[in-house]
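Given next are the chains, with one letter for each unit.
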Amino acid sequence: MPATDWQALPKVLLHEHLDGGLRPQTLLELCQAKSLSVPATDAAGLAAWVQANADSGSLERYLTCFGLTVAAMASEAACERVAFEAAEDALADGCVLAEFRIAPLLLEPFGLAGDAAVEALLRGLKRSRLATGLIVCAMRTDPPEHTERSARLAARYAGRAGEGLVGFDLAGAERGFPPTPHAKAFAIARDAGLGLTCHAGEADDGARVLEAAALGATRIGHGVQIMQGDDAVVAQRTEAARRLGLHFEVCPTSNVHTGTAASLAAHPIGAMVRAGLSVSCSTDNRLMSGVTLSGELQAVQAHQSLSVAQIVEMNRAAARVSFLPAAARATALQAIERWAATESSS
């Protein structure tokens, strides 16, 4: 299948961190405006530096580059710009629906209040004609009172019709930081009517996937470690995930860069599909990993021997489980079906 056709495929993006997806030129300009020290004087050099650090084989090192992007984004104008550009870039890549996420409280030490950050990000997303939603992340390495504050921040926007804040997530360095201590934060977000997702089974044991589900998460960020272990353990966990209806937001290139998978060929996404799990493909961090969603799908198809039909089904699954309103999900599904019908008849 020609690469250009992947861009034409109507796609659904569920897992993209705004502070990991800045345009290199935007990052450079924002750093210059704040007089932040940068390791390169041009956008291409800055992108190369970020991507070299990200491709480290370690989730912890991968996350270090966020210190620069968060500092650069810490103004209302910067947040609005980054959110708008992220939506426009996804639209240009053929997305028909996209959800973006960020931990707003990370911006507060740099002088931007969480509420102001959320409102600026929502303004930016609304400027794009792409159907988008915002997910508030809390950081699992923070104490529970901090993650609960993130959940309350998200909950304040949950009831505002049309605002676009649709979900809550627990993110950050996973190993040694299980989700259960943050059960109250999940409960606050759930009671406000927000969708719940959780980074789990990325750098820690696959059991964390079911632990996150027990806290109310219906979607799992990454979750690829569910396929690790002996056959009986994998069968037990995947059967439980199917029974619970969990959806996995898988980000293959990011997983290779963080050392979760040895290569795209060795990545478990194909095994997850064959095990009957509900799976979609996302970018995680377009800047950090130097990827687009079209490129990810092309790479997955090439390295995993997944059929075009299976990849189309991934996008259908993503549309169905999106936290956006039913009308936006239905519109995305209709676009996917129209493309699939055209492809099958050609």
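The coordinates are above.
Our subject in this report is the structure included herewith.

What counts, and where the lines are drawn
- Residues numbered from 1 in each chain as written.
- Predicted model: local features only at pLDDT ≥ 70, side-chain atom pairs only at ≥ 80, totals over all residues.
- Heavy atoms only, no water.
- Phe/Tyr/Trp six-rings, centres within 6.5 Å; stacked < 30°, edge-to-face > 60°.
- Helix = DSSP H or I, 4+ residues; strand = E, 2+ residues; numbered from the N terminus.
- Buried < 20%, exposed > 50% of the residue type's maximum accessible area, 1.4 Å probe, protein only.
- Lys NZ or Arg CZ within 6 Å of the ring centre and 35° of its normal.
- Pairing = 2+ DSSP bridges.
- Axes fitted to C-alpha atoms, helices over the stretch in contact; angles between N-to-C directions.
- Polar contact = N/O pair within 3.5 Å; in protein donor to acceptor, adjacent residues only side chain to side chain.
- Contact = heavy atoms within 4.5 Å.
- Parallel < 35°, antiparallel > 145°, perpendicular 65-115°, else oblique.
- Nonpolar A, V, L, I, M, F, W, Y, C, P; charged D, E, K, R; others polar.
- Core = buried A, V, L, I, M, F, W, Y, C linked by side-chain atoms within 4.5 Å.

Here we come to the packing of aromatic side chains. Taken as a whole and judged by the stated rule, the model has one aromatic pair. Note on Phe-168 and Phe-186: the rings are 5.6 Å apart at their centroids and 85° apart in plane angle, and the pair reads as edge-to-face. Note that Phe-168 is positioned in strand E4 (residues 165-171) and Phe-186 in helix H9 (residues 183-191), a separation of 18 residues in sequence. Each member of the pair, Phe-168 as well as Phe-186, carries the same accessibility label: buried. The ring centre of Phe-84 lies 4.0 Å from the NZ or CZ of Arg-127, which sits over that ring. Between Arg-219 and the ring centre of Phe-323, over which it is positioned, the NZ or CZ distance is 3.8 Å.

The next subject is the sheet that holds E4. Read across the open sheet, the eight strands follow the order E1-E2-E3-E4-E5-E6-E7-E8; overall the sheet is parallel. Strand pairing shows two members of the sheet lacking a second neighbour, strand E1 (11-13) and strand E8 (278-281), which therefore form its edges. Averaged over neighbouring strand pairs, the angle between their axes works out to 25° when direction is ignored. One ladder, built from three bridges, connects strand E6 (residues 219-222) with strand E7 (residues 247-250); its direction is parallel. Counterpart to Arg-219 in the pairing with E7 is His-247.

So, on to the side chain of Thr-69. Examined against the element boundaries, Thr-69 turns out to sit in helix H5 (residues 66-73). A polar atom in the side chain of Thr-69 sits 3.2 Å from the backbone oxygen of Phe-66. For Thr-69, the contacting residues outside a window of four places in its chain are Asp-19, Leu-22, Leu-27, Leu-287 and Met-288.

What follows concerns the packing of helix H2 (residues 24-33) against helix H3 (residues 43-54). Remark: H2 packs on H3, axes separated minimally by 8 Å, with the N-to-C direction vectors making an angle of 100°. Considered as vectors, H2 and H3 are oriented roughly perpendicular to each other. Residues Pro-24, Gln-25, Leu-27 and Leu-28 of H2 touch H3, and the partners they reach there are Ala-43, Leu-46, Ala-47 and Val-50. Within the contact of H2 with H3, the residues separate by chemical class into seven nonpolar, one polar and no charged.

This part covers the nonpolar core. Leu-18, Leu-27, Phe-100, Leu-134, Phe-248 and Met-272 are the most contacted members of the largest nonpolar core, which totals 104 residues. In contact with Leu-18, other than residues within four places in its own chain, are Met-73, Val-82, Ala-83, Ala-86, Phe-100, Arg-101, Ile-102, Leu-121 and Leu-134.

Most of E4 sits inside the fold, with seven of its seven residues counted as buried. In the sheet, strand E3 (residues 132-139) pairs with E4 via six bridges, with the strands oriented parallel. Looking at the pairing, Leu-134 lines up with Leu-165 of E4. Two elements, E4 and strand E5 (residues 195-200), share two bridges in a ladder whose sense is parallel.

Moving on, we get to unusual backbone geometry. The general pattern is negative phi for most residues beyond glycine and trans for most peptide bonds. Not every positive phi belongs to a glycine, and Ser-35 is a case in point at roughly 55°. Position of Ser-35 among the secondary structure elements: in the loop between H2 and H3. Its relative accessible area of 66% is what places Ser-35 among the exposed residues.

Honestly, it's all geometry; don't read function into it.
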